[in-house]
Amino acid sequence: MFRLHKRPLGNFKVKFAKSKVSLSSISTELSKRNFSSGTKLPESAEVVIIGGGSAGCNTLYQLTKRGIRAVLLEKAKLTAGTTWHTSGLVWSLRPNDVEINLLASTRKLLMTLEEKSGHNSGWINNGGLFISHSEERLQEYKRLSTIGKCFGVESQILTPDEAQKLFPALDTAAFTGALYSPADGLVDPAMMCTALTRAATANGGVIVEDCLASKIVTGENLLGMKDVRGVETNKGIIRTNTIVNATGVWGRDLIEPLGVHLPLIPMKHAYVISETMDNVHQMVPNIRDHDYSIYFRIQGKSICMGGYENNPVLLDKVPTDFHFGLYDLDFSIFDTHIQGAVKLCPDFGKTGIKSTVCGPESFTPDHKPLMGPDPIVNGLFHNCGYNSAGMMLGAGCAEQLAQWIVHDRPELHMFAYDVRRFSPKQRKALNWATERSHEAYAKNYSIVFPHDEPLAGRNFTVDPFHKQMIQYGAVMEERHGWERPGYFLPEDTVVVQPYDWYGYYDYPKNTNTNYEETLKKDYTFGFPEHHDLIGEEALTCRNDATLFNLSYFCKLFLTGNQAKEAAEWIFTGDLNKPVNKTIYTCALNKHGGVESDVTVSIIESGQGELHDPIFKGRGYYIVAGGASAYHTKAHIWAAIQEKALRAVVTDETDELGVLSIQGPKSREILQKVTDFNLSDDERLPPNSNTVLSIKINPFYSCSVRVLRVSFVGELGYELHIPAESCNDVYNALMKAGYKDGLRNAGYRALYSLSSEKGYHLWGYDVRSDDTPVEANLEFTCRKRGDYQGRVVVDRQLQNGVNKKLAFFTLNDQVPIWGLEAVYRNGELMSHLRRGEYGYTLHKPIGQAYVTRKDGDYVTNEYIKSGRYQIEIMGKLYNAECHLKSPFDPKGERILGIYK
């Protein structure tokens, strides 16, 4: 029985039925499935799915649809755990293109599933309203509406009066506007799972209920890596080489004995169901009030109301037998949602509460699911951690996972969901995961501004320059668990404080809020307060010299008997170069998509130092972006494993700091601290590397590896430094460059400069669903020798491509951030993948892929012949389109040629 709430709740009436939410509909659906607990466990399967909730049922359907012999194991009955009690909301709009595609896939399946299965999927298309209480929120909705247009999602901004016509119970005085999305709806989870499993079993899928998976059986492959061999259950052993972990809130439990860890945190999540209301019916839209952090799901003539509070109940583990259980609802926590709901909908406060639902849900550090192949156990895939969004994302994600399993890669760029977005250190750190998951839960409905940083889980990994960065006024950002400088305050220091849990759980709120207040200056869709300050850093780089701390970049050494074969298979570039040459290149998947863009330096055996190791034969020093560091490493290692090559990957990311000195004066500044002749282009030409000594003082020098490369399009050098020497080298450079105007610069300036030059940023203007040919990176692809993905590259080079990356500049001084719609000759074409401000060009600059509605190939002539506009906050601005960035088109500055 529920523990009923007896005390008054504000100035409105609440009454409670003394019963739990009815399970009759669930029992009815279970009885329709005809899955007996006596179902015999097959001896083997191509894929075994563990978990019979939304994720498992969707995965079973998608795999059997593709002809895969799949078996689903459920320890109790289908929908047990979290699926059965979910609210079932399905939205259509999210602030990124990948999730909009995933939502569209889910909606499409729900609309057609009855035809495929003969059973109603439980889908109701009643639409959705997003409620706004501020101008900033309304601007966010305008951005959502704009990106929605690019994918055919209809929506419109409404006044309060217009919103009330759709939902009569709303108080028009309580909000300032709304976004209406008619494609939204809801789904009954039990009906959906029944329809999915009927279709799956018709396709040959097998479901075994009351089958507890107790152990994943593994072996070792030829290179000593664990691989899946089967599953032990209470009904025997089933042999398989592929397992999908779809166990929801139990996602960590079964895999931890294998040494596999997931950053998945169970929490209590709740909603209440009102008595029937006269002015509510099934076809009024569902509601999301982001500012009050609540949602309404319409259930007949009742409202199911829930939300995301700042102090959710965190759970250690959910009992194994908690199949269809619920918790008592703690109204001291839930009251905040009721207060907001009554302000928005006064009639809700005059209506009794019929029942409450409080169950376990799984949450993650970035509020996104955990999917894809496990990097430690070959054959193990994950599909869990849905953050209470399993109904709306489940079908779309399962479709991508099925492609992942069958075709090696998903169709969409799934990095934001890929479990490899977290490093092993992050996945093992339960305290870090708990902090971050709590904050992600509490901020779930916060405005998604172009720039924001977490307060939880900070200072998890710091580089050797961290203290110096703070002393020089760095406003730190966090990526991949690392602290990095975003930009520098000239006369202040801000220090990230320990997480205060919003003042809950007996933690006092931080009294030092300088960092938090600094972040709030970014909470705008206009130019932020420090726009000009970042510009000063960028222009100093163009005119004098700046020092960038790139220490969190991924730094790998590839060595071994077959290192050459491995490098040539993994990378597209021509690595048949002399020692000390540095090559910018891509690593592709089998479909030709760019999994990483890196620099590879050809090196020879050295003196045994971290930056200059001893090894046999030819070696390769690989440097990649830090935000996707482990993804890059996992991709390289997976390719080596698949080919069974005798090669070793040594990760020195934590042991080497990186300082990048860039700008017209970089050479003369660096020359002051080394005897190596930097002007000798025979010894250190552009795109090369060497080991040299840095003079710290007259009595002490230290050895570093120097790469003559640039991420900003200037003359410059990267110094890769053993950790113990980092502080000395930094101080020596700052002293040497003092009179030449050398200053620190952060990643905000770095990304502006790189975009202005036309360089790519992986995950934005080049991704795993873009090929080098489409992204104008065909120059990285060699013409001789095989490499992964070459078949696709060669085909596109011969035939042409259906999309092509281009650069757009605006003469109007308006900020662009990415996701803005791009029009060609008055017709909607695509959207900006990336938006920056070019301080040297004095223009906003963005990147988008040019496409054709007729599906024909996109040529340079086609791109140049168009007239382009960009939609920003509902207004069209004329844009100039460029095949290449207009900044330094001849690439002279990187050669040290300044006119």
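Scroll up to find the structure this text is about.
In this text, all values refer to a predicted model and were calculated from it rather than measured experimentally.

### Brief notes about helix H3 (residues 97–117)
Then step 1. Taking 1.5 Å of rise per residue, 21 residues should cover 30 Å, and H3 covers 30 Å from first to last C-alpha, within 8% of that figure.
Then step 2. Restricting attention to buried positions, one finds in H3 the residues Asp97, Val98, Glu99, Ile100, Leu102, Leu103, Thr106, Leu109, Leu110, Leu113 and Ser117.
Then step 3. Of the residues flanking the start of H3, the one acting as N-cap is Asn96, its side-chain oxygen 3.2 Å from the backbone nitrogen of Val98.
Then step 4. Within two residues after H3, Gly118 carries a phi angle of roughly 80°, on the positive side.

### A look at the packing of aromatic side chains
Then step 1. Applying the stated criterion across every chain yields a total of 29 aromatic pairs.
Then step 2. Summarising the aromatic geometry, the rings of Phe465 and Tyr730 are spaced 6.0 Å apart at their centres and angled 45° between planes, so their arrangement reads as tilted. Of this pair, Phe465 sits in the loop between helix H11 (430–442) and helix H12 (466–471) while Tyr730 sits in helix H18 (residues 726–736), and the two are 265 residues apart along the sequence.
Then step 3. Cluster of aromatic residues (ring-pair linked, three or more members): Tyr499, Trp501, Tyr502, Tyr505 and Tyr507.
Then step 4. The ring of Trp250 is capped by Lys75, whose NZ or CZ atom sits 3.5 Å from the centre of that ring.
Then step 5. The cationic tip of Lys268 hangs over the ring face of Tyr327; the distance from NZ or CZ to the ring centre is 4.5 Å.

### Looking at the sheet that holds strand S18 (residues 353–363)
Then step 1. Pairing in this open sheet of eight strands is mixed, and the strands run S6-S7-S5-S15-S16-S17-S14-S18 from one edge to the other. Both edges of this open sheet fall to strand S6 (156–158) and S18, since each of them pairs with a single strand only. Adjacent strand axes in the sheet meet at a mean angle of 20°, parallel and antiparallel pairs treated alike.
Then step 2. Bridging between strand S14 (residues 265–274) and S18 involves 10 bridges; their strand directions are antiparallel. Its bridge partner being in S18, Ile265 is matched across the sheet by Phe363.

### Observations concerning helix H15 (residues 563–570)
Then step 1. Turning to H15, its buried residues number three or more, namely Ala563, Ala566, Ala567, Trp569 and Ile570. The arc enclosing the buried residues of H15, seen along the axis, measures out at 165°, which places them on a common side.
Then step 2. If you follow the buried residues of H15, they end up packed against strand S25 (554–559), strand S26 (582–588), strand S28 (619–624) and helix H16 (629–643).

### Looking at a nonpolar patch on the surface
Then step 1. There is a patch of nonpolar side chains on the surface, built from Tyr504, Tyr505 and Tyr507 and spanning about 280 Å² of accessible area.
Then step 2. Relative to the assigned elements, Tyr504 resides in the loop between strand S23 (482–488) and helix H13 (514–520).

### Digging into the packing of H3 against helix H9 (residues 390–407)
Then step 1. With their axes 7 Å apart at the nearest point, H3 and H9 run at an angle of 100° to one another. Considering the angle they form, H3 stands roughly perpendicular to H9. Between H3 and H9, the contacting residues are Leu102, Leu103, Ser105, Thr106 and Leu109 on the first element and Met391, Met392, Leu393, Gly394, Ala395, Gly396, Cys397, Glu399 and Gln400 on the second.
Then step 2. Class assignment of the residues belonging to the contact of H3 with H9 gives a composition of eight nonpolar, five polar and one charged.

### Points about the pattern of salt bridges
Then step 1. Per the counting criterion, the structure on display carries 50 salt bridges.
Then step 2. Taking the shortest distance from any N to any O, the salt bridge between Lys577 and Asp574 comes out at 3.9 Å.
Then step 3. Owing to a relative accessible area of 33%, Asp574 belongs among the partly exposed residues under this scheme.
Then step 4. A salt bridge links Glu892 to Lys899; its shortest N-O distance comes to 3.6 Å.
Then step 5. Owing to a relative accessible area of 88%, Lys899 belongs among the exposed residues under this scheme.
Then step 6. Residues joined in a network through salt bridges with shared partners are Glu453, Glu477, Arg479 and Arg484.

### A closer look at the sheet that holds S28
Hydrogen bonds along the backbone pair up the strands of a sheet, which may run parallel or antiparallel.
Then step 1. Read from one edge of the open sheet, five strands run S26-S27-S28-S25-S29, paired in antiparallel fashion. Strands at the two margins of the open sheet, each flanked by one partner only, are S26 and strand S29 (648–651). Strand-to-strand twist across the sheet, computed as the mean angle between neighbouring axes with direction ignored, equals 30°.
Then step 2. Where H15 meets the sheet, it contacts S25, S26 and S28, and its direction lies at approximately 130° from that of S25.

### Some words on the pairing of strand S33 (residues 716–722)
Then step 1. Counting buried residues along S33, seven of its seven residues qualify, which places the element largely inside the surrounding structure.
Then step 2. The side-chain alternation of S33 yields two buried faces, one formed by Gly716, Glu718, His720 and Pro722 and the other by Tyr717, Leu719 and Ile721.
Then step 3. As paired elements, strand S32 (residues 700–707) and S33 share three bridges and run antiparallel to each other. Within S33, the position partnered with Leu707 by the bridge is Glu718.

### Some details on the side chain of Thr82
Then step 1. Among the structural elements, Thr82 can be located in the loop between strand S2 (70–73) and strand S3 (89–90).
Then step 2. By relative accessible area, Thr82 is classed as buried at 17%.
Then step 3. In this structure Thr82 touches Val249, Pro360 and Glu361, once residues within four positions along its chain are discounted.

### Notes on the nonpolar core
Then step 1. Leu73, Leu393 and Met414 are the most contacted members of the largest nonpolar core, which totals 100 residues.
Then step 2. Top contributing element to this core by residue count: H9, with nine residues.
Then step 3. If sequence neighbours within four positions are ignored, Leu393 has contacts with Arg94, Leu102, Leu103, Thr106, Pro369, Tyr386 and Tyr417.
Then step 4. Counting residues in hydrophobic clusters, the runner-up holds 39 residues, among them Phe334, Val342, Phe348 and Cys358.

The rules behind the values
Residues numbered from 1 in each chain as written. Predicted model: local features only at pLDDT ≥ 70, side-chain atom pairs only at ≥ 80, totals over all residues. Heavy atoms only, no water. Helix = DSSP H or I, 4+ residues; strand = E, 2+ residues; numbered from the N terminus. Expected span 1.5 Å × (residues − 1). Buried < 20%, exposed > 50% of the residue type's maximum accessible area, 1.4 Å probe, protein only. Polar contact = N/O pair within 3.5 Å; in protein donor to acceptor, adjacent residues only side chain to side chain. Phe/Tyr/Trp six-rings, centres within 6.5 Å; stacked < 30°, edge-to-face > 60°. Lys NZ or Arg CZ within 6 Å of the ring centre and 35° of its normal. Pairing = 2+ DSSP bridges. Axes fitted to C-alpha atoms, helices over the stretch in contact; angles between N-to-C directions. Arc of directions from axis to C-beta. Contact = heavy atoms within 4.5 Å. Patch = residues over 30% accessible without salt bridge, like charges linked within 9 Å, V, L, I, M, F, W, Y side chains within 5 Å. Areas by Shrake-Rupley, 256 points an atom, 1.4 Å probe, with all protein chains shown as cover. Salt bridge = Lys/Arg side-chain N within 4 Å of Asp/Glu carboxyl O. Parallel < 35°, antiparallel > 145°, perpendicular 65-115°, else oblique. Nonpolar A, V, L, I, M, F, W, Y, C, P; charged D, E, K, R; others polar. Core = buried A, V, L, I, M, F, W, Y, C linked by side-chain atoms within 4.5 Å.

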